[in-house]
Amino acid sequence: MAVRILIIEDDREIAANLYDYLSGRGHAVDHAADGVTGLHMAVTHDYDVLLLDISLPGMNGLDLCRRLRSDARRDTPVLMLTARDTLNDKLAGFEQGADDYLVKPFALKEVEARLEALHRRHQGKVAPSLLQVDDLAFDTESMRVTRAGEAIRLPPKCLRLLEILMRAPDKVFARHELEQSVWGEDLPNSDTLRAHLHQLRRALARDGRPELIENIPSLGYRLRPVDGR
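Let us look at the structure shown here. (Residues numbered from 1 in each chain as written. Predicted model: local features only at pLDDT ≥ 70, side-chain atom pairs only at ≥ 80, totals over all residues. Heavy atoms only, no water.)

### What about the pairing of strand 6 (residues 130–133)?
Because side chains alternate across strand 6, one face comprises the buried residues Leu131 and Val133, and the other comprises Leu130 and Gln132, none of which is buried. Sheet topology note: the strand 6/strand 7 (residues 136–139) ladder contains 4 bridges and is antiparallel. Opposite Val133, over in strand 7, you have Leu136 as the bridge partner. Counted between consecutive antiparallel strands, the loop separating strand 6 from strand 7 contains 2 residues, among which Asp134 sits at a positive phi close to 55°. (Buried < 20%, exposed > 50% of the residue type's maximum accessible area, 1.4 Å probe, protein only. Helix = DSSP H or I, 4+ residues; strand = E, 2+ residues; numbered from the N terminus. Pairing = 2+ DSSP bridges.)

Spelled out as structure tokens, the structure:
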């Protein structure tokens, strides 16, 4: 999911890390290094989400968020970033209109996940919890997988791979897409994805059931309904 993001952060290193990671993941990213510029950009452009630091020169993040909501009447989702970790600081952010709160230091993968979740909720596109492809069903709330009504037990990484594939049947996922989505930057070795996919395919196809996960040479993997063969 490509998201239009405005980063409002005065720390150059943090801003650069966020910009490089998010743009590298396919998002459209802009950056402002102070509160005044950030508010102007947030009001004059249509962003999907704002990534807002509290401690900013010119205008702090709390005042920026308040003016965005009360003066500009903008409801753009706001994820606040801060080094402050007290309840009162968090409540102050929510009172001024922030939608979510993340304390530094943070994982870049979590930042992206929270931004995408804010965007989905704002667009009314919360992902369904029950996924169904042919006779394969996955309840992502209970983490229960069944095929033809029979329960299938899978380890956490295989569950994550299955969810990604089931949310976009027939889409071909490149190897690096799956690795990044499941392991981030902490992939143990080059055979990890292959081993987990082998385990997942074997579990889904046991008892002679048709294969659902297809290896597309030189391109990647996809979950293809049996009737689409």
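Anyway, onward from the coordinates.
### A short note on the sheet that holds strand 1 (residues 4–8)
The strand order 2-1-3-4-5 describes an open sheet built from 5 strands, whose pairing is parallel. Edge positions in the open sheet fall to strand 2 (28–32) and strand 5 (100–103), since each of these has one partner strand only. Between one strand and the next, the sheet's axes are offset by a mean angle of 20°, whatever the strand orientation. Along the sheet, helix 1 (residues 12–24) makes contact with strand 1, strand 2, strand 3 (49–53) and strand 4 (78–82), crossing strand 1 at roughly 170°. Relative to the sheet, helix 3 (residues 61–70) contacts strand 1, strand 3 and strand 4, its axis offset from that of strand 4 by approximately 170°. (Axes fitted to C-alpha atoms, helices over the stretch in contact; angles between N-to-C directions. Contact = heavy atoms within 4.5 Å.)

### Some points on the nonpolar core
One recurring pattern in soluble globular proteins: nonpolar side chains tend to sit buried together. Among the nonpolar cores identified, the biggest contains 27 residues, and Leu154, Leu162, Leu200 and Leu223 are the most heavily contacted of them. Per-element accounting of this core gives the leading share, 7 residues, to helix 6 (residues 156–167). If near-sequence neighbours (up to four positions away) are discounted, Leu223 is found in contact with Val133, Leu136, Leu162, Leu165, Met166, Pro169, Asp170, Leu212 and Ile213. In this structure, Leu52, Leu62, Leu68 and Tyr101 belong to the second largest nonpolar core, which totals 20 residues. (Core = buried A, V, L, I, M, F, W, Y, C linked by side-chain atoms within 4.5 Å.)

### Looking at the sheet that holds strand 6
In spatial order, the strands read 6-7-8-9; together these 4 strands make up an open sheet with antiparallel pairing. Of all the strands in the sheet, the pair left with one neighbour each is strand 6 and strand 9 (150–152). Shown here is a sheet whose adjacent strand axes are inclined to one another by a mean of 25°, direction ignored.

### Considering the side chain of Arg69
As for its position among the elements, Arg69 is in helix 3. Since its relative accessible area comes to 19%, Arg69 is described here as buried. Here Arg74 takes part through its backbone oxygen, which lies 2.9 Å from a polar atom of the side chain of Arg69. Separated by 2.9 Å, the side chains of Arg69 and Asp99 make a polar contact. Arg69 has contacts with Arg74, Asp75, Thr76, Pro77, Val78, Gln96, Gly97 and Asp99, leaving out every residue within four places of it along the chain. (Polar contact = N/O pair within 3.5 Å; in protein donor to acceptor, adjacent residues only side chain to side chain.)

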